[in-house]
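Notes for the structure review
The chain contents come next:
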Amino acid sequence: MPDLLIELFSEEIPARMQFRAREDMKKLVTDGLVTAGLTYASAGAFSTPRRLTLTIEGLTAESPTQREERKGPKADAPDAAIEGFLRATGLTRDQLEVREDKKGATLFATLTRPGRKAPEIIAEVLEATIRTFPWPKSMRWGAGSLRWVRPLHSILCILTDDHGTEIVPLTLDGIATTNTTEGHRFMAPGRFAVTSFDDYAAKLKRAFVVLDSAEREAQIWHDATTQAFAQGLEVVPDAGLLTEVAGLVEHPVVLMGAIGEAFLALPPEVLQTSMREHQKFFSVKNPKTGRIEKFVTVANRETADHGATILAGNQKVLTARLSDAKFFWENDLRTVKSDGLEGMAAGLAQVTFHNKLGKLGSQADRIARIEALAREIAPLVGAAPDLAAEAARIAKADLQSAMVGEFPELQGTMGGYYARAAGLPDAVANACKAHYQPLGPSDDVPTEPVSVAVALADKIDTLTSFWVIDEKPTGSKDPFALRRAALGVVRLVLGNGVRVGLYGAIYSSMVSQLITKRVAGKHELSLKLIRGVADLGFKEAAETLNSTMQAESRKVSSEIVESAIREALPKCEDLLAFLHDRLKVHLRDQGIRHDVIDACLAMPNNDDLTLLVKRAEALSGFVKTDDGTNLLQGFKRANNILTAEEKKDGVEYSYGADPKFAETPEEKTLFTALDKAEATIAPAMKAEDFPAAMGAMAALRAPIDAFFNTVQVNSDNAVIRRNRLNLLSRIRATCTQVADLTKVEG
Amino acid sequence: MASTSTTPRSFQEIILRLQSYWAAKGCAILQPYDMEVGAGTFHPATTLRSLGTRPWAAAYVQPSRRPTDGRYGENPNRLQHYYQYQVLIKPSPPDLQALYLGSLDAIGIDTSLHDIRFVEDDWESPTLGAWGLGWEVWCDGMEVSQFTYFQQVGGHDCHPVSGELTYGLERLAMYVLGVGHVMDMPFNDPDSPIPLTYGDIFRQTEQEYSRWNFDQADTAMLLQHFVDAEAECDRILTAPQPDKAGRTILMAHPAYDQCIKASHLFNLLDARGVISVTERQAYIGRVRALAKRCADTFVQTEAGGVAA
C-alpha cells in the first residue's frame, strides 16, 4: 500500500494560524480521499513557518469498482421513454436486461463505474483543498488568481510504495507538483529531492528544519529551562507564547540575556507584558528575590559568534521598550502622588464607555452609578460602604494611565499598584483588579468584601445600561459580553453566599438611568431613594426626588417618574429572567435537574439567588431519597384530587379545615400529623433548613395514604366535603413551602 | 551568507546604497513627491500606480510627516518629519523576499550573524481604503521594514498584486550604524571636511515644527483648508468633459493631490487635539471617500490600464 506525502511550501505563515491549518489540511485531504473511495491507515500533519505537511500511510492504490443498478421503463414502453433511459445511462438497448417486475416486464440497466487510481483522486482532492482552504485571511500575489495565506511557492506531492516514488501530477496556477523542497532559509539554502516521509523528515533535519512543532516547543522549553536552571533561575511558564514562538522558527536557538538594572524595579507584570507582547520573550525569574531578572529569546538560526550579535540586538531593543515602560510607570506614579487616583481618573469624563449608550455612556457617569450601587451592596457582603464607594471611584482610574494606554491588558493590575502608591488601603487597591473578575467561567471569583461589592455593582450596571437601550445578546452574538457579565453576577453571589434581592438593585439602577435619560443636566439620584419612592405615587415620588436635588436641577416631574418606571418594569423582569437563564446553565452544569430548578424558581424571592440555590440543592438531593419519593407521592395524591375538585367547583379551597368536622380516626390523625409537621417546618423554614422542613413534609405520606384509603373526600355532606378539600389545601400549602412541587417530575 | 558589503558610515550612504541596489534590480528610481504626506505609500507612484494592470517598478525616498509624533527633537527615535524608503513592484515578483534580503545585505546587514524574521503584520490604511497582507521584518527583534502584498487600494481589488517594501530609514540606519540617539547619527561621512549629524540638520526644525504642530497651527484655518481641499477634489473629478478644445482629459492626479492635502490637514488637526474620538472616524471616512473617487478615476486613464 502506498504512502502519500504532501508539502505546501510558502512564504511565512502567521504563527497563530498554523495549528488550525494543520488540522484543516488533514481533515480536508483525508475526507476527500475517503469520499472518493480510498482508505488509509494513518495520517499526520505538521507545520513550520514556511510549510504545511501531511503524511498519509497505508493508502489504497485505487478506489473499488462500483456497480449500480437502475430501473428503467417497462419493456413495452414507447420508444421515446426507452431512448431517454438509454441516454441517461449511456448504454445501448442490447445492454439492458428485461426482468419481471410487479408491473410486468421491465428494463434494468447495470452501470459499472471502474475504480480510479489513487494519483488521479489525490490530484483532485489536493486541488480542491488548496482552492477552498479555510484560512482566516488569504491573499493573491503576483499576476495570479490563486489564494493562499501568503504566496505559495511549491507543492511537493509524492506517492511511495515498494516499487519506488512517483510524483502525483498536478499544476495549479503555474505551480507544478514536485518531489523537492527547501531547508532552512539561511542555514541550508537550495532545493533537494525526497523519496518518502522518513527521508523528508531526515533531510529536513539535516537542513536545519525541525518539522514537528511539538518537538520545537519541547526543545525550546528544555533549552530555556536548562539555561535558567544553570544560573539558579526559573522560566515563567507561558504555554501560549511557547506555541507562538515555535511557530516563528524552523530551527530554534534559545538565548538568555539580562534585563538592565534600571528596569528591575518595574512591576513584574509590566516586564512580562512588555517582553511578551513586543518582543515575544519569556520572562526568567529569580526564585530567591521573586523578581524577573532575565529574558529568553528564541532565534531562528545558529551563528559563528554563538548568537552574541543577535542577543546584543535584542537587548538593545528591549532597553528601548523598557525605557518607554519605565517612563510611563514614573509618569503615572507622579500623577498619582500629586493628584491621587481620582486625579488620574479625572479624564474619564471625556471617555465614552460605549457610543450607543448615548448620554449615559461616559465612563465618569458610569463610575458614579457603580459607586452608588457598590455603596448599597456593601453592607450585604460585609464591606464598609465608604470603602466600597472609594474602591468603585478609583477602580477604573488606571484606564487613564499611560501604562494601561500602552498595555490595555494591564488594566486593574496597574490600578492596584497605583492605589498602593497613593496610600490607599489594601482592600481598595485589591478591588482595582478583582472588580473585573470573574472574567470567564474558569476565572476566580473575588472573595474580599470590598472587591465583591464593586465587582457586583460593575456587572449589574453593565447589564442594566444595555438593557435600558435594548442591546441584548441574540443567538451567538454577544458583542458586549453580557452573558459573561450575568454569569459573573451569578458566580459572585453564589461564591460568596451573598444575600441580596437582585430585583431591587436592578430596579433602582434602571429607574435612575431612565430618569437621568429624561432629565437634562447634571444630577445625582440616590438609588436608595429611588427604591424608597417605588411605592409612592408618581407625584410624591417626583417631589421626594426633587427634594434631594439642588434647586437649579429640580426637574423631575411626576410624568417623568411615571414613564421611567413604566419603562423599567418589563426591562427589570426581562433582565432577571436573563440572570435566571445563566443560573440555570450554571446549575445544570452541576447536575441539578431542570424541573427541580423550575420548582424553586416558582417560589417567592427568587431574585435572591443564594436562597434559590439553597432550595434547589436541598430539593435536588431530597428527591433522590426515599423520603423524597414519599413527599412527592403524598403531595401529588392530595394535590391532584384538590386541583380536580377546585376546577370542577371553580373555587379555591383555602379557608382552613376544622378538625371538629373530622369523622374518621385517619382523618383526625392527619390533622394531628399536620400540626406536628408544621411545628417542625416553621422553625426549619425560618432557619432555611430546607432538608429538615422537607423531612417533616415527607412524614406526612403515611397519614395521607391512610386518609385516602379510608376516607371518601367527596362526601355527600357538603360541609364535610368542603372541610376535607380544605384539609387537602392545607397539605398543599404545607408541602410547597420549599419549592413548587407541582413542577417536579416523577 | 556573509555580507558582501562593508558597513556604511552615514545615513546618506545607506540611502545611496538602497538606491543603487534597487536601481540594479530594475526599479525606476523616482524622487520624493513634492507634497506633505504621512508615509511613502501616499506617493502617487504607490497609491495610484498599484491600481490597474500596467506593470510597474519604482523605488524612492519619501520625506514623511506625522505631526503627532513630534517630540521637540528630544526623543531618541521619534520625529514628526522622517524618511521612508519605498519600493513598489507590480506584479510582485516570486523572489521578492530574496530581493528584499539582498537589500539588507547591500546596506551591511550580515544575515549570517543576524536573526531575520518575517512576523505577521497586516497592513491597513483606513484613509486610503487600502489593505494588504504581509509581515514586519525583524532583525534581532527589531522591526526594520514593512513587507506588504497589496490586496485593495482605494476600494479597488489589486490585480495584479503589488509587492510593497517600506524601510523606516532613521531607525534602520541607527541600527546599522550603532547609534543610540537619532540626532547623533552622522548624516554625511564623519570624515568629511564638514561632518554633519542628523541633529545638525533637523534638531531645530523638529523643535520649530513640534511647537507649530502642537500649539500654534491655526485650527480654524486648517479646518477651512480641509473643506476647501475636499471641495476642490470634487470639482476636479466632476469637471465637464471634453475641455474647451475638445480634449477629454481625466484629472486623477490633480484630484489626488487634494486628497493628500486633506489627509495631511487632518493629521495636523489631530495633533492640535481638536478632533474628538467620534469625529475622527468621520474625518477618516471623508478622506477615504476622496481616495476612492481618485482611484475610480485613475483606473479609467491610460496609466490606470486603459488601452491608449
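As the structure is a computational prediction, the values presented were derived from the model and not from experiment.

This part takes up the overall build of chain B. A count of helical and extended segments in chain B gives 8 helices and 9 strands. Relative to a compact globule of 308 residues, whose C-alpha radius of gyration would be 19 Å, chain B shows 20 Å and is just as compact. Referenced to the eigenvectors of the C-alpha coordinate spread, the extents of chain B come out at roughly 60 × 45 × 40 Å. Taking all 308 residues of chain B together, the buried fraction comes to 54%. Summarising the internal contacts of chain B: among those between residues at least 6 apart in sequence, 67% fall at separations of at least 24. Put simply, chain B shows about 12,700 Å² of open surface, and 53% of that area lies on carbon and sulfur atoms. Averaging the positions of the 24 positive and the 37 negative side-chain charges in chain B gives two centres separated by 5 Å.

Before going further, it helps to examine the overall build of chain A. Summing up its helical and strand segments, chain A has 26 helices and 16 strands in all. At 37 Å, chain A has a C-alpha radius of gyration far larger than the 27 Å of a compact globule built from 746 residues. Its C-alpha atoms give chain A principal-axis dimensions of roughly 105 × 100 × 55 Å. Counting all 746 residues of chain A, 52% fall into the buried class. Restricting to contacts in chain A with at least 6 residues of sequence separation, those with at least 24 account for 68%. On chain A, roughly 33,000 Å² of surface is accessible, and the fraction owed to carbon and sulfur atoms is 52%. Taking the average location of the 90 positive side-chain charges in chain A and that of its 99 negative ones, the two points are 2 Å from each other.

Right, let's get into the packing of aromatic side chains. Applying the stated rule across the entire model yields 34 aromatic pairs over all chains. Here Tyr100(B) and Tyr167(B) contribute two aromatic rings whose centre-to-centre distance is 5.7 Å and whose plane-to-plane angle is 35 degrees, an arrangement assigned as tilted. A residue pair is termed long-range when its members are at least 10 positions apart, and Tyr100(B) in helix 3 (residues 96–106) and Tyr167(B) in strand 9 (residues 163–168) qualify at 67 residues. A relative accessible area of 0% places Tyr167(B) in the buried class. In textbook terms, an aromatic cluster arises when at least three aromatic residues are bridged by ring pairs, as seen for Tyr85(B), Tyr100(B), Phe118(B), Trp135(B), Phe147(B), Tyr149(B) and Tyr167(B). The ring centre of Phe108(A) lies 4.3 Å from the NZ or CZ of Arg99(A), which sits over that ring.

A few words now on the interface of chain A and chain B. Contact with chain A, which involves 40 residues of that partner, is made by 34 residues of chain B. Across the interface of chain A and chain B, roughly 3,100 Å² is buried in total on both sides, 53% from carbon and sulfur atoms. A per-residue breakdown of the area chain A buries against chain B is headed by Arg140(A), Arg150(A) and Phe186(A), which together make up 21% of the total. For the pair chain A and chain B, the number of links is 3 salt bridges. Across the pair Asp122(B) and Arg150(A) runs a salt bridge whose closest N-O atoms are separated by 3.3 Å. Those elements giving two or more residues to the side of chain A that touches chain B turn out to be helix 1 (15–35), helix 7 (268–279), strand 16 (292–299) and helix 8 (308–345) of chain A. When the residues that make up the side of chain A that touches chain B are grouped by side-chain class, the tally is 15 nonpolar, 12 polar and 13 charged.

Residue and element names in this part refer to chain A. If you trace the 4 strands from one edge of the open sheet to the other, you get 13-15-16-14, paired in antiparallel fashion. The sheet is open, and its two edges are formed by strand 13 (234–235) and strand 14 (253–258), each paired on a single side. When strand 15 (residues 282–285) meets strand 16, the two strands line up antiparallel, connected through 4 bridges. Bridged to Phe282 within strand 16 is Val296.

For the rest of this paragraph, the subject is the sheet that holds strand 6 (residues 104–113) of chain A. All names here are of chain A. The strand order 4-6-5 describes an open sheet built from 3 strands, whose pairing is antiparallel. Each edge of the open sheet is held by one strand with a lone partner, namely strand 4 (66–74) and strand 5 (97–101). Here the strands of the sheet are splayed against their neighbours by 40 degrees on average, with no regard to which way each runs. Where strand 5 meets strand 6, 5 bridges bridge the pair, whose relative direction is antiparallel. Bridge pairing in strand 6 links Arg99 to Thr106. Sitting on the sheet, helix 2 (residues 79–89) touches strand 4 and strand 6, and the angle it makes with strand 4 is about 165 degrees.

Before going further, it helps to examine the domain arrangement of chain A. Domain annotation for chain A reports domain 1 (3–62 + 117–206), domain 2 (66–113), domain 3 (213–336), domain 4 (351–395 + 435–590) and domain 5 (612–743). Computed over C-alpha atoms only, the centres of domain 2 of chain A and domain 5 of chain A are separated by 75 Å.

Turning to unusual backbone geometry, a few remarks are in order. The step from Gln437(A) to Pro438(A) runs through a cis peptide bond, and the omega angle for that step is -5 degrees. Residue position: Pro438(A) is located in the loop between helix 13 (426–434) and helix 14 (449–468). The omega torsion across His159(B) and Pro160(B) is 0 degrees, close enough to zero to call that bond cis. Examined against the element boundaries, Pro160(B) turns out to sit in the loop between strand 8 (156–157) and strand 9.

All names here are of chain A. Viewed as axis vectors pointing N to C, helix 5 (residues 213–230) and helix 6 (residues 239–246) meet at an angle of 120 degrees, and their least axial separation amounts to 9 Å. For the element pair helix 5 and helix 6, the recorded crossing hand is right-handed. Between helix 5 and helix 6, the contacting residues are Ser213, Arg216, Glu217, Ile220 and Trp221 on the first element and Leu242, Thr243, Val245 and Ala246 on the second. When grouped by side-chain class, the residues that make up the contact of helix 5 with helix 6 number 5 nonpolar, 2 polar and 2 charged.

What follows deals with the confidence of the model for chain A. On average, residues of chain A score 90 in pLDDT, and 96% of them are at 70 or above. The secondary-structure element of chain A with the lowest mean pLDDT is helix 17 (residues 527–532) of chain A, recorded at 70, while strand 1 (residues 3–10) of chain A shows the highest, at 98.

Quick look at helix 20 (residues 594–601) of chain A now. Residue and element names in this part refer to chain A. Across the 8 residues of helix 20, 6 count as buried, placing the element largely inside the fold. Burial in helix 20 covers these residues: Asp595, Val596, Ile597, Ala599, Cys600 and Leu601. Considering only its buried residues, helix 20 is in contact with helix 19 (558–589) and helix 21 (609–622).

In this section: the nonpolar core. In terms of nonpolar packing, the biggest core is built from 153 residues, with Ile259(A), Leu463(A) and Leu619(A) touching the most fellow members. Ignoring any residue separated from it by four or fewer positions in sequence, one finds Leu619(A) in contact with Val596(A), Ala599(A), Cys600(A), Met694(A), Ala739(A), Leu741(A) and Val744(A). Judged by nonpolar contacts, the second largest core, of 89 residues, contains Met139(A), Ile175(A), Trp22(B) and Tyr83(B).

Now for a negative patch on the surface. Residues and elements named next belong to chain A. A cluster of acidic residues, Asp3, Glu57, Asp161, Asp162, Glu166 and Asp198, forms a negative patch on the protein surface. Mapped onto the elements of the fold, Asp162 is located in the loop between strand 7 (152–161) and strand 8 (164–167). With relative accessibility at 78%, the residue Asp162 sits in the exposed group.

Residue and element names in this part refer to chain A. Counting across every chain of the model gives 66 salt bridges over all chains. Residue Arg20 pairs with Asp24 through a salt bridge whose shortest N-O separation is 3.1 Å. Note that Arg20 and Asp24 are positioned in helix 1 at a spacing of 4 residues, about one turn of the helix. Put simply, Arg366, Arg369, Lys396, Asp458 and Asp461 are held in one network by salt bridges that share partners.

Attention shifts here to the packing of helix 10 (residues 385–394) of chain A against helix 13 of chain A. All names here are of chain A. Where helix 10 contacts helix 13, the axes come no closer than 9 Å and their chain directions differ by 45 degrees. Considered as vectors, helix 10 and helix 13 are oriented oblique to each other. Taken as a pair, helix 10 and helix 13 cross one another with a handedness that is right-handed. For the pair helix 10 and helix 13, contact is made by Leu387, Glu390, Ala391 and Ile394 and by Val428, Ala431 and Cys432, respectively. Its residues placed into classes, the contact of helix 10 with helix 13 shows 6 nonpolar, no polar and 1 charged.

What counts and how
Residues numbered from 1 in each chain as written. Chains lettered and ligands numbered in written order. Predicted model: local features only at pLDDT ≥ 70, side-chain atom pairs only at ≥ 80, totals over all residues. Heavy atoms only, no water. Helix = DSSP H or I, 4+ residues; strand = E, 2+ residues; numbered from the N terminus. Rg over C-alpha atoms; globule rule 2.2 N^0.38 Å. Buried < 20%, exposed > 50% of the residue type's maximum accessible area, 1.4 Å probe, protein only. Contact = heavy atoms within 4.5 Å. Areas by Shrake-Rupley, 256 points an atom, 1.4 Å probe, with all protein chains shown as cover. Lys, Arg positive; Asp, Glu negative; His and termini not counted. Charge placed at Lys NZ, Arg CZ, Asp CG, Glu CD. Phe/Tyr/Trp six-rings, centres within 6.5 Å; stacked < 30°, edge-to-face > 60°. Lys NZ or Arg CZ within 6 Å of the ring centre and 35° of its normal. Buried area = accessible area lost by both parts, 1.4 Å probe. Salt bridge = Lys/Arg side-chain N within 4 Å of Asp/Glu carboxyl O. Nonpolar A, V, L, I, M, F, W, Y, C, P; charged D, E, K, R; others polar. Pairing = 2+ DSSP bridges. Axes fitted to C-alpha atoms, helices over the stretch in contact; angles between N-to-C directions. Domains from an automatic or database assignment. Left-handed = near helix turned anticlockwise from the far one by under 90°. pLDDT = per-residue confidence, 0-100. Core = buried A, V, L, I, M, F, W, Y, C linked by side-chain atoms within 4.5 Å. Patch = residues over 30% accessible without salt bridge, like charges linked within 9 Å, V, L, I, M, F, W, Y side chains within 5 Å. Parallel < 35°, antiparallel > 145°, perpendicular 65-115°, else oblique.

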